[in-house]
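A look at the structure
Read off the chains here:
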Amino acid sequence: MLAPGIALLGAVTVLSPYVWQETWRATGFAPGFIPFHLWCWLPFLVLAFTAGKLGRLGGAAFTAALVAGTVATVELTQAFDDGSERIGLALPGLLSLAIIGAWGLRAHPRGGGKVSRPLVVAVVALLALVIIGGRVGDVGETDRMQTFLVIGTSIALEALPFVLLGAAVSAAIEIFVPARWFERIARLPLPLQIPAVAMAGVAMPVCECGSVPVARRLIVRGVHPAAGIAFMLAAPVINPIVLFSTAVAYSGRGATEMVLGRLSLGLVLAIIAGTIIARNGGGNLVANARKSEPSKDHDHSDGRLRGFVDHLMSDLLLMGKFIVLGAALAAALQTIVPQSVFTGVLTSPFVGALLMIVLAFFLSLCSEADAFVAVSFIQFPVGPQLAFLAAGPVLDTKLVLLYGGTFGRAFVLKLALVIVPVVVAGSMLFQAVIS
């Protein structure tokens, strides 16, 4: 049912501007618009044919991107600027090439070192995507390239100190904090255990990458799965380093409101998700957590200091590459994508929140640095920016792999079904209160 569902959703999305777009609503449907409708529907058809190979999670992620891309296409084609209209007309084709490239990489047989037909198709599609996208977006323009480098470098330089601090604290917790400190919490009644463990995230400055193994250890050692999941989702959002970096990023732009909003929404999201996902005891979560537990701990025979340095460097290298990649993507969105794409319907609290959740998923930033990226999206109101800050640390591309390998693939889908509506509702409430 996945392929027909994606095709049907695409048809609804392509025709939806007759409801929410003023120009389309005034003009009405005409046979002359059919080629454009089919062009916008093409990425959904490509995804429908390839979704089986991409898997449920890949299909869901691309579907969300296609919905956002279709909305952006319509907005850009209605712009008066020739460059914006050119990008809007090219966007469905670029999205189709991205899907074909992802399909080819997934369909390529692993091992053996042979070049397969899907791999050739993937390479050709991705090269075409880069070349056509660069030409359409005028990437080679000198002023635009300089702007890209300035924005990307500034984001990375502002974020890296907080990543280093977070990696140091995470390594110190791993090496110096005794496990029995957590085991005492397991004896609390469940109605107290879930919020207590979630609130422990305030005193546990770990990023989202570090919170997953910590939550796994908590569950394996007796903490209720609901409480372990609540900690895993709360720690990357409400810990002091993240809140401090948020205050620094939003200094002079409503830092107090944004810090309180992120703290409140992150805590509420963690408690709700933990309670719903593991309400029946989470037997599968415990089994999967035990299965993914390493057979032995790291070798710290050379002393705690050596273990601390090893964990610090491992965490810093892991998170650093995501920071650089995320900064580059954020700079590209700010530089290449015309500002008109973020006007109109995309700045509404509901659609803006959904789009920012999609952006947070693909940017895959560390929670200790994502505030510097969120604040750069000045086209969005503060509500959608809060959605970016709340959703990114608990659901992004790297976390999908970590979650799936630790708690099973079904857990990822359940988590997404809880996170998206809670974050959207919370961000809209925050926008209403701030306004």
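If you look the protein chain up in an unreviewed UniProt entry, it shows as Permease from Solirubrobacter phytolaccae. Quoted straight from UniProt, the Sequence similarities (unreviewed entry) entry for the protein chain says "Belongs to the UPF0718 family." A UniProt comment under Subcellular location (unreviewed entry) is attached to the protein chain, and it reads "Cell membrane".

Each helix and strand in the protein chain was counted, giving 20 helices and zero strands. Buried positions account for 50% of the 435 residues belonging to the protein chain. Across the protein chain, every contact between residues at least 6 apart in sequence was considered, and the portion connecting residues at least 24 apart equals 78%. For the protein chain, the computed accessible surface area is about 20,100 Å², with 69% contributed by carbon and sulfur atoms.

On inspection of all chains with the given rule, the structure shows three aromatic pairs. When the centroid spacing of 5.1 Å and the interplanar angle of 55° are considered together, the rings of tyrosine 18 and tryptophan 24 count as tilted. Of the two residues examined, tyrosine 18 and tryptophan 24, each falls in the buried class. Consider the rings of tryptophan 24 and phenylalanine 36, whose centres lie 6.0 Å apart with planes at 65°: the pair is edge-to-face. With tryptophan 24 in helix α3 (residues 22-27) and phenylalanine 36 in helix α4 (residues 34-77), this pair connects stretches of sequence that are 12 residues apart. Grouping aromatic residues by their ring pairs yields a cluster made of Tyr18, Trp24, Phe29 and Phe36.

So, about the nonpolar core. With 64 residues, the main nonpolar core has Leu233, Tyr250 and Phe388 as its most contacted residues. In terms of nonpolar packing, the next biggest core, distinct from the first, is built from 13 residues, Ile6, Phe44, Ala72 and Ala102 among them.

Right, let's talk about the environment of glutamine 431 for a bit. Residue placement: glutamine 431 occurs in helix α20 (residues 409-434). Assessed through its relative accessible area of 12%, glutamine 431 is described here as buried. Counting along the chain gives 46 residues from glutamine 431 to glutamine 385, while the straight-line C-alpha distance between them is 9.8 Å. Glutamine 431 has contacts with Pro349, Pro381, Val382, Gly383 and Pro384, leaving out every residue within four places of it along the chain. In terms of polar contacts, glutamine 431 uses its side chain to reach the backbone amide nitrogen of glycine 383, at 2.7 Å.

Turning our eyes to something else, we now look at the packing of helix α18 (residues 382-391) against α20. One can describe the packing of α18 onto α20 by two numbers: an axis separation of 8 Å at closest approach and a directional angle of 145°. The two elements α18 and α20 meet at a crossing, and its hand is right-handed. Two secondary-structure elements touch here, α18 through Val382, Gly383, Pro384, Leu386, Ala387, Ala390 and Ala391 and α20 through Val423, Ser427, Phe430, Gln431 and Ile434. Along the lines of polarity and charge, the residues of the contact of α18 with α20 split into nine nonpolar, three polar and no charged.

Helix length check: helix α6 (residues 117-136), at 20 residues, gives a terminal C-alpha distance of 28 Å against a target of 28 Å (1.5 Å per residue), a fit within 8%. Those residues of α6 lying buried are Pro118, Ala122, Ala125, Gly134 and Val136. Taken down its axis, α6 places every buried residue within 165° of arc, on the same side. Projecting away from the buried face of α6 at angles above 90 degrees are the exposed residues Arg117, Val124, Leu127, Val130, Ile131 and Arg135.

What follows concerns the confidence of the model for the protein chain. Taken over all residues, the pLDDT of the protein chain has a mean of 78, while the share at 70 or more is 73%. In this model residues 292-301 is a low-confidence stretch, pLDDT under 50, and it forms 11 contacts with partners more than four residues away in sequence or in other chains.

On the surface, Val123, Leu127, Val130, Ile131 and Ile132 cluster together into a nonpolar patch covering about 460 Å² of accessible area. Mapped onto the elements of the fold, leucine 127 is located in helix α6.

A few words now on the side chain of threonine 70. In this structure, threonine 70 sits in helix α4. Once residues lying within four places of it in the same chain are set aside, the contact partners of threonine 70 are Thr13, Val14, Cys40 and Phe44.

A few words on helix α1 (residues 2-15). Since the α-helix turns once every 3.6 residues, residues separated by three or four places project in the same direction. When the terminal C-alpha atoms of α1 are compared, their 20 Å separation across 14 residues agrees well with the 20 Å that a helix rising 1.5 Å per residue should span. Listing the buried residues of α1 in full gives Ile6, Ala7, Gly10, Thr13 and Val14. With its buried residues spanning 125° around the axis, α1 presents them on a single face. Pointing more than 90 degrees away from the buried face of α1 are the exposed residues Pro4, Leu8 and Val12. Against the buried residues of α1 lie α2 (17-20), α3 and α4.

Here the focus is the packing of helix α12 (residues 240-249) against helix α13 (residues 255-277). Packed helices, taken two at a time, are described by the angle between their axes plus the distance between the axes. It is the contact of α12 with α13, at a shortest axis distance of 8 Å, that shows an interaxial angle of 150°. Between α12 and α13, the angle is such that the two are roughly antiparallel. Both α12 and α13 take part in a crossing whose hand is right-handed. Here Val242, Leu243, Thr246 and Ala247 of α12 lie close against α13, whose contacting residues are Ala255, Met258, Val259, Arg262 and Leu263.

Here we come to the environment of proline 381. Tracing the backbone through its elements, the reader meets proline 381 in the loop between α17 (370-374) and α18. Separated by 29 residues in sequence, proline 381 and glycine 352 have C-alpha atoms that sit 8.0 Å apart.

Take the environment of glycine 88 next. Mapped onto the secondary structure, glycine 88 falls in helix α5 (residues 82-107). Glycine 88 gets classed as buried once you look at its relative accessible area, which sits at 0%. In this structure, the C-alpha to C-alpha distance between glycine 88 and glycine 69, residues 19 residues apart in sequence, is 9.1 Å. Aside from chain neighbours lying at most four places away, what touches glycine 88 is Thr73, Leu76 and Thr77.

How each quantity is defined
- Residues numbered from 1 in each chain as written.
- Predicted model: local features only at pLDDT ≥ 70, side-chain atom pairs only at ≥ 80, totals over all residues.
- Heavy atoms only, no water.
- UniProt positions renumbered as here; feature names shortened; annotations may be inferred.
- Helix = DSSP H or I, 4+ residues; strand = E, 2+ residues; numbered from the N terminus.
- Buried < 20%, exposed > 50% of the residue type's maximum accessible area, 1.4 Å probe, protein only.
- Contact = heavy atoms within 4.5 Å.
- Areas by Shrake-Rupley, 256 points an atom, 1.4 Å probe, with all protein chains shown as cover.
- Phe/Tyr/Trp six-rings, centres within 6.5 Å; stacked < 30°, edge-to-face > 60°.
- Core = buried A, V, L, I, M, F, W, Y, C linked by side-chain atoms within 4.5 Å.
- Polar contact = N/O pair within 3.5 Å; in protein donor to acceptor, adjacent residues only side chain to side chain.
- Axes fitted to C-alpha atoms, helices over the stretch in contact; angles between N-to-C directions.
- Left-handed = near helix turned anticlockwise from the far one by under 90°.
- Nonpolar A, V, L, I, M, F, W, Y, C, P; charged D, E, K, R; others polar.
- Expected span 1.5 Å × (residues − 1).
- Arc of directions from axis to C-beta.
- pLDDT = per-residue confidence, 0-100.
- Patch = residues over 30% accessible without salt bridge, like charges linked within 9 Å, V, L, I, M, F, W, Y side chains within 5 Å.
- Salt bridge = Lys/Arg side-chain N within 4 Å of Asp/Glu carboxyl O.
- Parallel < 35°, antiparallel > 145°, perpendicular 65-115°, else oblique.

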